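Here are the chains, one letter per residue:
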Amino acid sequence: MTVPVLTIDGPSGAGKGTVSRAVARKLDWNYLDSGSIYRSLAVAALVAGVDINDEPSVTAVAEEMKLAFDCGDELTVFLNGENITSQLPLESTAKVASIVAAWPEVRRVLLQKQRDFKVLPGLVADGRDMGTVVFPEATIKVFLTASAEERALRRYKQLKEKGIDANLAQITCEIEERDRRDSERASAPLKIAEDAVLIDSSSMSIESVIAEVLALFP
Ligand code: DC
């Protein structure tokens with residue numbers, strides 16, 4: 001039986017996580033937050049003390065790391081048995097994630113880990129290359145974006161709510177730098193799948209984005 005997949009790709013802070021989680025809950029489908037896998041690898045590489053600019057070393061860490069996900073109301077992630085959830089939202093983790101994610105061998109190793117999430121009754125997959133590389137066969141593909149200023153503001157509020165110290169100007173710079181790195185890398189860059197529906201959430205409420213995504217279902 002074919003497993004239906006909805007992919008939601010786009011840059012950091014476009015609202016992919018919130019929208020994907022809400023849609024998955026509504027449909028009672030599984031949810032893959034692929035960014036959390038790259039963020040977990042960033043934590044694993046830092047714990048292992050490897051040079052993040054050395055592809056073979058980072059690939060070895062990706063091959064050996066054991067990840068377990070607890071998808072309750074909030075995602076909890078265990079790396080080799082240790083709860084690393086609180087380290088995942090940090091900007092420092094995001095930056096390293098974006099660097100290690102550029103290595104083709106790393107992406108190859110993480111491909112199957114992501115495809116393993118595709119089980120009945122269906123999957124909502126959120127990331128950068130869900131519709132282009134990981135699940136090109138997806139039933140419905142969405143590319144969710146928003147202006148860099150709006151995304152920075154959302155990330156700033158998110159971090160503040162979590163009690164994490166944040167600086168808006170710095171976040172804007174970091175988001176622009178990450179966008180550039182994610183879009184310009186040779187391996188699986190951030191780009192719109194040919195058959196994706198583009199949604200610009202800059203001036204939309206999260207509820208209207210969720211409604212627009214759900215309306216794509218026949
Ligand atoms: O979605 P996020 O901000 O949690 O992702 C963190 C980094 O991981 C992002 O800068 C690039 C990388 N990433 C990726 O290369 N491919 C994905 N499918 C998801 C994330």
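Before any of the text, the structure's been laid out above.
Residues numbered from 1 in each chain as written. Predicted model: local features only at pLDDT ≥ 70, side-chain atom pairs only at ≥ 80, totals over all residues. Heavy atoms only, no water.

A. View of the sheet that holds strand β4 (residues 75-79). Within the open sheet, the 3 strands sit side by side as β3-β4-β5. Their pairing is antiparallel. The strands lining the two open edges of the sheet, one partner per strand, are β3 (67-71) and β5 (82-83). Strand direction decides the pairing type here: β3 and β4, joined by 5 bridges, are antiparallel. Residue Asp-70 lies in a different strand from β4, and its bridge partner there is Thr-76. Taken strand by strand, helix α2 (residues 34-48) contacts β3 and β4, and its axis lies near 35° from that of β4. (Pairing = 2+ DSSP bridges. Helix = DSSP H or I, 4+ residues; strand = E, 2+ residues; numbered from the N terminus. Contact = heavy atoms within 4.5 Å. Axes fitted to C-alpha atoms, helices over the stretch in contact; angles between N-to-C directions.)

B. Representation of the site of the ligand within the structure. Close to the ligand lie 17 residues, the nearest being Arg-39, Arg-107, Arg-128, Asp-129 and Arg-185. Residue Asp-182 places a side-chain N or O atom 2.9 Å away from an oxygen atom belonging to the ligand. Contacts to the ligand include Arg-185, whose side-chain N or O atom sits 2.9 Å from an oxygen atom. Calculation on the ligand without its partners gives an accessible area of 450 Å², and the protein chains cover 96% of this total. Considering each element in turn, the shell around the ligand owes the most residues, 4 residues, to α2. Tallied by class, residues from the shell around the ligand come to 4 nonpolar, 5 polar and 8 charged. (Near = heavy atom within 4 Å. Polar contact = N/O pair within 3.5 Å; in protein donor to acceptor, adjacent residues only side chain to side chain. Areas by Shrake-Rupley, 256 points an atom, 1.4 Å probe, with all protein chains shown as cover. Nonpolar A, V, L, I, M, F, W, Y, C, P; charged D, E, K, R; others polar.)

C. Seen up close, the pattern of salt bridges. In total, this model carries 11 salt bridges according to the counting rule given. The salt bridge partner of Asp-129 is Arg-107, with a shortest N-O separation of 2.9 Å. Highlighted residues: Asp-129 in the loop between β6 (123-127) and α6 (130-134) and Arg-107 in helix α5 (residues 104-115), separated in sequence by 22 residues. Judged by its relative accessible area of 3%, Asp-129 is buried. Residue Glu-177 pairs with Arg-181 through a salt bridge whose shortest N-O separation is 3.3 Å. Note that Glu-177 and Arg-181 are positioned in helix α8 (residues 168-184) at a spacing of 4 residues, about one turn of the helix. You can call Arg-181 partly exposed: its relative accessible area is 22%. Beyond isolated ion pairs, a larger network of salt bridges with shared partners links Glu-91, Arg-155 and Arg-178. (Salt bridge = Lys/Arg side-chain N within 4 Å of Asp/Glu carboxyl O. Buried < 20%, exposed > 50% of the residue type's maximum accessible area, 1.4 Å probe, protein only.)

D. Helix α4 (residues 91-100), seen in detail. Counting buried positions over the 10 residues of α4 gives 8, a clear majority of the element. Within the sequence span of α4, burial applies to Glu-91, Thr-93, Ala-94, Val-96, Ala-97, Ser-98, Ile-99 and Val-100. At its buried positions, α4 is contacted by α2, α3 (55-64), α5, α7 (148-161) and α8.

E. Examining the nonpolar core more closely. Judged by nonpolar contacts, the single largest core of 34 residues is most densely connected at Leu-32, Leu-41, Leu-110, Leu-123 and Phe-135. Elements represented by at least two residues in this core include exactly α2, α3, β4, α4, α5, β6 and α6. If you tally residues by element for this core, the top one is α2, at 7 residues. Dropping the residues within four chain positions of it, Leu-123 is found in contact with Pro-4, Val-5, Leu-6, Trp-29, Asn-30, Tyr-31, Leu-32, Phe-117, Lys-118 and Phe-135. Counting 17 residues, the second-largest nonpolar core is a separate cluster that includes Leu-6, Ile-8, Ile-199 and Val-213. (Core = buried A, V, L, I, M, F, W, Y, C linked by side-chain atoms within 4.5 Å.)

F. Structural context of the environment of Ile-99. Position of Ile-99 relative to the elements: it lies in helix α4. What makes Ile-99 buried here is its relative accessible area of 19%. For Ile-99 and Asn-53, which are 46 residues apart along the polypeptide, the C-alpha to C-alpha distance reads 7.6 Å. Leave out the neighbours within four places in its chain, and Ile-99 touches Ile-52, Asn-53 and Arg-181.

G. Local environment of the packing of α3 against α5. One can describe the packing of α3 onto α5 by two numbers: an axis separation of 8 Å at closest approach and a directional angle of 10°. By the angle class used here, α3 and α5 are roughly parallel. Residues Glu-55, Val-58, Thr-59, Ala-62 and Glu-63 of α3 touch α5, and the partners they reach there are Pro-104, Glu-105, Val-106, Arg-108, Val-109, Leu-110 and Lys-113. Counted by class, the contact of α3 with α5 contains 6 nonpolar, 1 polar and 5 charged residues. (Parallel < 35°, antiparallel > 145°, perpendicular 65-115°, else oblique.)

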